[in-house]
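Okay, here's what each chain looks like letter by letter:
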Amino acid sequence: MTDDDANEAALPGLPAPAPLGTSALPEGTYDGVTVLVTGGGTGLGKAIAAEFARLGADLVIASRKEERLKAARDELAVLGGRVTAVPCDIRDPERVAEVFDAAREACGLPGVLVNNAAANFPVPAEDMSPNAWRAVVDITLTGTFFMTREFARRHLAAGTPGSVINIGASYAWTGGPGFAHSAAAKAGVRSLVESLAVEWGPYGIQVNGLVPGLMPHEDMTADIRGNLDRAAPAPEPSPDEPRQGLGSRQPALRVGAPRELGWAATFLASPYARFITGHTLVVDGANWQRRSLVSPEVMPIREQMGRGPFEA
Ligand code: NAP
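Here is what the cut-offs are and how they apply
Residues numbered from 1 in each chain as written. Predicted model: local features only at pLDDT ≥ 70, side-chain atom pairs only at ≥ 80, totals over all residues. Heavy atoms only, no water. Helix = DSSP H or I, 4+ residues; strand = E, 2+ residues; numbered from the N terminus. Near = heavy atom within 4 Å. Polar contact = N/O pair within 3.5 Å; in protein donor to acceptor, adjacent residues only side chain to side chain. Areas by Shrake-Rupley, 256 points an atom, 1.4 Å probe, with all protein chains shown as cover. Nonpolar A, V, L, I, M, F, W, Y, C, P; charged D, E, K, R; others polar. Buried < 20%, exposed > 50% of the residue type's maximum accessible area, 1.4 Å probe, protein only. Lys, Arg positive; Asp, Glu negative; His and termini not counted. Salt bridge = Lys/Arg side-chain N within 4 Å of Asp/Glu carboxyl O. Contact = heavy atoms within 4.5 Å. Phe/Tyr/Trp six-rings, centres within 6.5 Å; stacked < 30°, edge-to-face > 60°.

J.: Even after reading the chapter, I still don't get unusual backbone geometry, so can you show me in this structure?
T.: A negative phi angle characterises most non-glycine residues, just as the trans form characterises most peptide bonds. One non-glycine residue, Leu253, lies in positive phi territory at about 60°. Although it is not a glycine, Ala286 sits at a positive phi angle of roughly 70°. Here Ala286 is to be found in the loop between strand E7 (280-283) and helix H10 (301-304).

Right under this line is the structure:
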């Protein structure tokens, strides 16, 4: 055994997740429940939708791009329940209302809303255009509020309970250099969880947050992917391959699998989590808590992103 082998055996990292297709919740937990996922046609939103579908839910997925929604609808339909794809820009409250109308017609008022849609790209704050700021804040924070407000209005009118899960990001607490717009918007999303859980608890509506850690997926934007690749070019990180690429930079010694976020979402909205509300659950292998005894050298964001000096 070499020193490297011995070190690998002594530091296995957090165990790999259970296989795709399994679940901790009883079969049929979501039978008869409609689950609406914004941004459910791609990446983590699609992975979350899939876990609800495996447990019997009917799905409604909503986002702007019809093509992607249709492809995801066909993929998700294989898992069992009905899947309805509704094109919608969540920044527009009228389109948001139409999503709920379409959902009611197809399979009933959603009992669960997952606010997963968001926009994000890294940019030094001094280079950020007013439009870039507005777009990210409008989609991530304002869009989340419009969706949640519509969900609550319909449940209050019907006198029915419901569960909202807002997908957040850990830089809501820590700040996110290079992501000032998204970090500010996610801090707002986290605050909504805490305000609305109290406002709507008396009506039976739970509002929780769910924060993913580094969970690479095939739909990651070129911007985000490019920055990850710059940090750790190869090999491709995988939740089943500890110490590989970016995984070796996490306390878990591996990256997260999108299904791990899906499992957490299905728990938070389930009958087994009815007394949990106003809470934000972080699923990131403790990466956001990481500190070093001695801090690494500071590298300005422009340098981290391979950008030259600022030009006005
Ligand atoms: P993603 O692949 O970029 O997906 C974003 C989704 O939002 C897309 O489906 C997009 O669909 C939709 N969307 C964007 N703007 C919209 C709008 N105006 N109206 C309706 N839908 C809109 O993101 P992801 O990596 O799966 O991340 C999902 C969530 O997890 C996000 O909230 C993100 O902030 C959070 N998160 C992810 C990670 C990670 O490691 N991936 C880490 C921390 C937090 P259209 O383009 O069709 O509209």
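On we go from here.
J.: Is there a simple way to explain the site of the ligand in this structure?
T.: Around the ligand, the structure places 26 residues, and the nearest of them are Thr42, Ser63, Arg64, Arg68 and His217. The side chain of His217 places a nitrogen or oxygen atom 2.7 Å from an oxygen atom of the ligand. For the ligand, whose accessible area on its own is 890 Å², the fraction buried by protein is 88%. In terms of residue class, the shell around the ligand is built from 11 nonpolar, eight polar and seven charged.

J.: Sorry if this is basic, but what is going on with the side chain of Asp284 here?
T.: Here Asp284 shows up in the loop between E7 and H10. No salt bridge is formed by the buried Asp284. Its closest oppositely charged neighbour is Arg291, at 9.5 Å. A distance of 2.9 Å separates a polar side-chain atom of Asp284 from the backbone nitrogen of Ala286. The residues touching Asp284, leaving out its near neighbours within four places in the chain, are Pro212, Gly213 and Gln250.

J.: How do you make sense of the pattern of salt bridges when you look at a structure like this?
T.: It is possible for side chains of opposite charge to pair when their charged atoms get near one another. By the definition in use, this model includes 16 salt bridges. Linking Glu51 and Arg54 is a salt bridge whose minimum nitrogen-to-oxygen distance equals 3.3 Å. Of this pair, Glu51 and Arg54 both sit in helix H2 (residues 43-54), three residues apart, roughly one helical turn. You can call Arg54 partly exposed: its relative accessible area is 26%.

J.: Please clarify how the packing of aromatic side chains should be interpreted in this entry.
T.: Any pair of aromatic rings gets described here by the distance separating the centres and the angle formed by the planes. Within the structure shown, the criterion is met by four aromatic pairs. With 4.8 Å between their ring centres and 75° between their planes, Tyr30 and Phe52 make a pair best called edge-to-face. Here Tyr30, found in the loop between helix H1 (3-10) and strand E1 (34-38), pairs with Phe52, found in helix H2; they are 22 residues apart in sequence, far enough to count as distant. A relative accessible area of 2% places Tyr30 in the buried class. Ring centres of Phe145 and Phe146 lie 6.4 Å apart, and the angle between their planes is 55°; this geometry places the pair in the tilted category.

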